[in-house]
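# Inside the fold
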Amino acid sequence: MVKALSIEHLRKSFGSLHVLDGVSFDVQAGSIVGLLGPNGAGKSTLIRSIMGIVEPDGGTIALNGQPWNREAVRGIGYLPEERGLYRDMKVGEQAVYFARLKGMGRKEAIDALRIWFDRLEVDGWWDKKVSDISKGMAQKVQFICTVVHNPPLVILDEPLSGFDPINARRIVDTVRQLASSGTSILLSTHDMQSVERLCDEVVLLNRGKVVLSGEADALRESGWSGQQEVVFKGNDLAFTNAMGAMAELSGITEDSAPGLRRARIKLRQPDRTGDFLTAVGAVVEVVEFVKVRPTMESLFIGAVEQSTAEIPSET
Amino acid sequence: MRGSLIGTVILREWRTRVIKRSFLLGTLLLPLLGVGFVAAMVLLTKGTESHHTVLVEDGPGLITRIDPVTGQYVPRCPGCFPEREHLEFRFTREAPEDSVWLAEGHTVLVEFDESVLQNQAGYLVYVKSPGMQAKRNIERDLSKAMEHARVMGSTELDWAAYQRLKFDLNLVNRESNGGERSKGGGEEVRGLVGFMFSALLFLVLVVYGGLILRSVVEEKSSRVVEVLIAAVRPEELLLGKVIGMGFVALTQLISWSLLSTVAFSVFRLVYDSGQFSEGMLGQGEVPADLMTVMAGNDFTAILLDIDWGLMGVSTVAFFIGGYLLYGSLYAMVGGSVQSEQEGQGMVVPIIMPLMFAYLIGGGAMENPEMGALVGLSWFPLTAPVIMLIRVAVGAPIWEVILSWVLLMLTARLILALAGRAYRHGVLNDGSRSGWRLLLQWIKGHGR
């Protein structure tokens, strides 16, 4: 399968500061890759290198299997974190301008924009000046300008910042639809919920290096500590006695559903799940038994803390 | 493809500035104001010349005698008081009360005594000032009459002999190229015309340079620039912006020229139809056409002396070169600063050569052929302003072309350097700025 984006050993320094230090990863066609990292990890420099705004010192970037070139970059849909619109221009006129810069003809741009304006409910704002519309509305217009030319690769840097929950959900759904129709997406964000909801893969940068990468599910699975959760109806003491020495109990809390209890345990012998369920099932009614996998946030924090301890600071 | 991208940027810059109420108003109003100014000068010249009856109080009897037939005082030298359209002289030897000479219908009283021949001074008494032109004519006529009195007081001369001997040298200009001579003259006037054009160019370069600066700063502060340079190279963006804004300036200049021509033609048509002359002229007077009237006025005569075609082509050519050069520099500064105020401070050294050229150009009106001008008209930073003055005076065409070529080559070089600095500058959102950082970026260093 052709990779929409392939980065190999990318390096960039500003003076003595190594902002990118041998970064490598791929974005498969039609997938959503989350680019994560604390502030100053090198995410924006990486994205600017891909977009040709910053010239890397070394390494290679390939777009759709081809070596990096300006024409291919122009096809990328790019929503930078620091984004804005011309305040004195009308919304529609401005969107047409950005579409034209992406190579669309005027009529083609207007037709496509009308569809997108309707889809994200900004139709009716076409002839308004940007200075007269709300920040959220401007954010939607910027998103439309990013995707209107139907780019094969979309790079979104903090796309949900500034959106209310309803519009954030609308953008998340749209991104998911874009990916399902074959668009590859590189999503840089600090919003871990959207990473969990959207990303097929994640790449975690810290101090210019990739410290964690892979499929989101696989990473969460590999980060599983063995903890499981039992939701049951019955007596806490009976549950604890039945469990005996088969598992360590972290605690029992009240579930949000009335009459249900939630216990967090870790089996001493992971292969004896059946014995455990038989023993506790005899004294309480087991409603649910699930693995407690780490959240993206906990994986992120853990990986950053570990790598920070390993990678010496350069400043 | 890249060309069409620059074209898209140019079109946006042009559209967003030209299709605007303020631009349309400014473009429409200025020619109307200009023609209105000329019209006002012409109409004021004609319309405000009110009739004056001047009573000359010749107490010592220097310039008057009693006419034996009428018994009234008349000038000893009637030819010294030619018939003038709005001026009539009467003479007396008694000193009348103000209320008396005013009641008799006089508007101005001239008083002098015997010492007038030594100190050459008298009094002009009036209720309402007669105006400069009327005062000049009164002084001229009375001076001639005094001159006549002096000559007649001399034993060696008579008036006719004096008139014969009096000599005024008039030098007619002829330009020589070593072999042939051609009709010359009017260098000072032509220098003034050239200076007017160079002043206009100076104004346009500074105003539109400032607009480029503002536009770049606005793109930086509104964060549009990162989206733009993801699609267009910074150098192309800069070029598109400078050219787009240049087209706005050209649109305005051309609109002004066309509208001025139309407005002037309409005014001329209306004026020559005689509507303005009605009520201003006496019976039997034939109204002069507009051109004749303008030629009679010092200022408007200069306008008629302009070779508009040649000046137009030269102005556009040097505007293009000068604008590309200075526009790039303004854009470069705009890319390196965080606010317009900061940018205004940084452009001062940039416009110094232009300012210097403008000031030198003012002096060139006195002596348009001075040596310093030739050097400055070749120097690209001052050429746009200075060469226009030399073009108006009549510089050799090869010098004009070579100077323009030098200007264009320099503009191209500056454009390339500015693009390099702009690439670094537009993404620099830090607090650091200044010329040192800008020079680093030009060299290709720095973040």
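Reading guide: rules and limits
Residues numbered from 1 in each chain as written. Chains lettered and ligands numbered in written order. Predicted model: local features only at pLDDT ≥ 70, side-chain atom pairs only at ≥ 80, totals over all residues. Heavy atoms only, no water. Helix = DSSP H or I, 4+ residues; strand = E, 2+ residues; numbered from the N terminus. Buried < 20%, exposed > 50% of the residue type's maximum accessible area, 1.4 Å probe, protein only. Contact = heavy atoms within 4.5 Å. Lys, Arg positive; Asp, Glu negative; His and termini not counted. Charge placed at Lys NZ, Arg CZ, Asp CG, Glu CD. Polar contact = N/O pair within 3.5 Å; in protein donor to acceptor, adjacent residues only side chain to side chain. Axes fitted to C-alpha atoms, helices over the stretch in contact; angles between N-to-C directions. Parallel < 35°, antiparallel > 145°, perpendicular 65-115°, else oblique. Nonpolar A, V, L, I, M, F, W, Y, C, P; charged D, E, K, R; others polar. Phe/Tyr/Trp six-rings, centres within 6.5 Å; stacked < 30°, edge-to-face > 60°. Domains from an automatic or database assignment. Buried area = accessible area lost by both parts, 1.4 Å probe. Salt bridge = Lys/Arg side-chain N within 4 Å of Asp/Glu carboxyl O. Left-handed = near helix turned anticlockwise from the far one by under 90°. Disulfide = S-S within 2.5 Å. Patch = residues over 30% accessible without salt bridge, like charges linked within 9 Å, V, L, I, M, F, W, Y side chains within 5 Å. Areas by Shrake-Rupley, 256 points an atom, 1.4 Å probe, with all protein chains shown as cover. Pairing = 2+ DSSP bridges. 1 Å grid on protein atoms, 1.4 Å probe; cavity = no way out; pocket = protein on both sides within 12 Å on 5 of 7 lines; lining within 4 Å. Points joined across faces, edges and corners; volume = space filled by probe spheres on them.

Before going further, it helps to spend a moment on the overall build of chain A. In terms of regular secondary structure, chain A is built from 11 helices and 14 strands. If you line up chain A on its principal axes, its C-alpha atoms span 75 × 50 × 40 Å. Looking at the 315 residues of chain A, the share that counts as buried comes to 48%. Long-range contacts, defined as pairs at least 24 residues apart, comprise 69% of the intrachain contacts of chain A with a sequence gap of at least 6. Positive and negative side-chain charges in chain A, numbering 36 and 41 respectively, have mean positions lying 4 Å apart.

On to the side chain of Glu-226 of chain B. The topology assignment puts Glu-226 of chain B in helix α8 (residues 225-231). For Glu-226 of chain B, the side chain forms a polar contact with the side chain of Arg-48 of chain A, separated by 2.8 Å.

Another point: the packing of helix α15 (residues 371-378) of chain B against helix α17 (residues 397-425) of chain B. All names here are of chain B. Direction vectors running N to C along α15 and α17 enclose 45 degrees, while the axes themselves pass 8 Å from each other. When the interaxial angle is binned, α15 and α17 end up oblique. Within the contact between the two elements, α15 uses Val-374, Ser-377 and Trp-378 and α17 uses Trp-398, Glu-399, Leu-402, Ser-403 and Leu-406. Partitioning the contact of α15 with α17 into residue classes produces 5 nonpolar, 2 polar and 1 charged.

Let's shift gears to the packing of aromatic side chains. Under the definition given, this model contains 15 aromatic pairs over all chains. Relative to Phe-98 of chain A, the ring of Tyr-97 of chain A has its centre 5.7 Å away and its plane inclined at 45 degrees; by these criteria the two rings are tilted. Of the two residues, Tyr-97 of chain A and Phe-98 of chain A, both sit in the buried class. Between Phe-81 of chain B and Phe-91 of chain B, the ring centres sit 5.2 Å apart and the planes meet at 75 degrees, which makes this aromatic pair edge-to-face. On the criterion of sequence distance, the pair formed by Phe-81 of chain B in the loop between β3 (73-75) and β4 (87-92) and Phe-91 of chain B in strand β4 is long-range, its members being 10 residues apart.

In terms of domains, chain A is made up of domain 1 (3-221) and domain 2 (225-291). Placing a centre on the C-alpha atoms of domain 1 of chain A and another on those of domain 2 of chain A gives a separation of 44 Å.

Chain B puts 23 residues into the contact, and the matching count from chain A is 24 residues. Counting each side, the surface lost to burial between chain B and chain A is near 2600 Å², with a carbon and sulfur contribution of 58%. Here chain B and chain A share 1 salt bridge between them. The partner of Arg-48 of chain A in a salt bridge is Glu-226 of chain B, and the shortest N-O contact between them spans 2.8 Å. For the interface between chain B and chain A, the tally reads 3 residue pairs in polar contact (both at pLDDT 80 or more). Those elements that provide at least two residues to the side of chain B that touches chain A are α1 (2-18) and α8 of chain B. If you tally residues by element for the side of chain B that touches chain A, the top one is α1 of chain B, at 7 residues.

Further remarks concern the packing of helix α9 (residues 236-243) of chain A against helix α10 (residues 273-281) of chain A. All names here are of chain A. Look at α9 against α10: their axes get within 8 Å of each other, and the N-to-C directions meet at 145 degrees. As α9 runs across α10, the sense of the crossing is right-handed. In this structure, α9 uses Phe-239, Ala-242 and Met-243 to contact α10, whose residues at the interface are Phe-276, Ala-279 and Val-280.

Backbone geometry at His-9 of chain A places phi at a positive 45 degrees, although glycine is not the residue there. Structurally, His-9 of chain A is set in strand β1 (residues 3-14). The residue Gln-120 of chain B is not glycine, and still its phi comes out positive at about 50 degrees. With respect to the element layout, Gln-120 of chain B can be found in the loop between α4 (116-119) and β6 (123-126). Taking the relative accessible area as the measure of exposure, Gln-120 of chain B reaches 61% and is therefore exposed.

All names here are of chain A. Counting buried residues along helix α1 (residues 43-50), 7 of its 8 residues qualify, which places the element largely inside the surrounding structure. Among the residues of α1, Lys-43, Thr-45, Leu-46, Ile-47, Arg-48, Ser-49 and Ile-50 are the ones counted as buried. The first or second residue beyond α1 is Gly-52, which carries a positive phi of 80 degrees.

A few words on the state of the cysteines. Residue and element names in this part refer to chain B. Tallying each qualifying case throughout the model produces 1 disulfide over all chains. Put simply, Cys-77 and Cys-80 are joined by a disulfide, and their sulfur atoms are 2.1 Å apart. The sign of the S-S torsion, about 85 degrees, decides the handedness of the disulfide formed by Cys-77 and Cys-80: right-handed.

Taken together, the side chains of Ile-397, Trp-398, Ile-401, Leu-402, Val-405 and Leu-409 of chain B make up a nonpolar region of the molecular surface, amounting to roughly 620 Å² of accessible area. Tracing the sequence through the fold places Ile-401 of chain B in helix α17.

Moving on, we come to the pattern of salt bridges. Residue and element names in this part refer to chain B. Enumeration according to the criterion identifies 26 salt bridges over all chains in this entry. A salt bridge links Glu-88 to Arg-90, with the shortest nitrogen-to-oxygen separation between them at 3.5 Å. Here Arg-90 falls in the partly exposed class, since its relative accessible area comes to 35%. Overlapping salt bridges bring together Arg-12, Glu-13, Arg-17, Glu-219 and Lys-241 as one network.

Take the sheet that holds strand β3 (residues 32-36) of chain A next. In sheet architecture, strand pairing relies on hydrogen bonds along the backbone and comes in two forms, parallel and antiparallel. Residues and elements named next belong to chain A. Strand order across the open sheet formed by 6 strands is β6-β7-β8-β3-β9-β10, with mixed pairing between neighbours. In this open sheet, the two strands that pair with only one neighbour each are β6 (77-79) and β10 (209-215). Put simply, the sheet's adjacent strands are angled 15 degrees from each other on average, direction ignored. Against the sheet, helix α5 (residues 135-147) engages β6 and β7 (153-157), with an angle of about 155 degrees to β6.

Unfilled space is identified by rolling a water-sized probe across the atoms. Applying the stated rule across the entire model yields 3 cavities of 30 Å³ or more. By volume, the largest cavity amounts to about 130 Å³. If you go around the largest cavity, you meet 15 residues; those closest to its centre are Tyr-78, Phe-98, Cys-145 and Thr-146 of chain A together with Val-227 of chain B. Going through the elements one at a time, β6, α3 (91-101) and α5 of chain A together with α8 of chain B are the ones with two or more residues in the lining of the largest cavity. A class-by-class count of the residues in the lining of the largest cavity yields 10 nonpolar, 3 polar and 2 charged.

Residue and element names in this part refer to chain B. Locating Glu-147 in the fold gives a position in helix α5 (residues 132-153). Separated by 186 residues in the primary sequence, Glu-147 and Val-333 have C-alpha atoms spaced 67 Å apart. Leaving out residues up to four positions away in the same chain, Glu-147 has contacts with Trp-159, Tyr-162 and Lys-166.

A few words now on the sheet that holds strand β5 (residues 66-67) of chain A. Residues and elements named next belong to chain A. Taken in spatial order, the 4 strands line up as β2-β1-β4-β5 in an open sheet, and their pairing is antiparallel. Looking at strand neighbours, the two that pair on one side only are β2 (17-28) and β5, the edges of this open sheet. Of the pairings in the sheet, the one linking β1 to β2 comprises 9 bridges and is antiparallel in character. By the bridge assignment for β2, Arg-11 is matched with Asp-21. Against the sheet, α1 engages β1, β2 and β4 (58-63), with an angle of about 120 degrees to β1.

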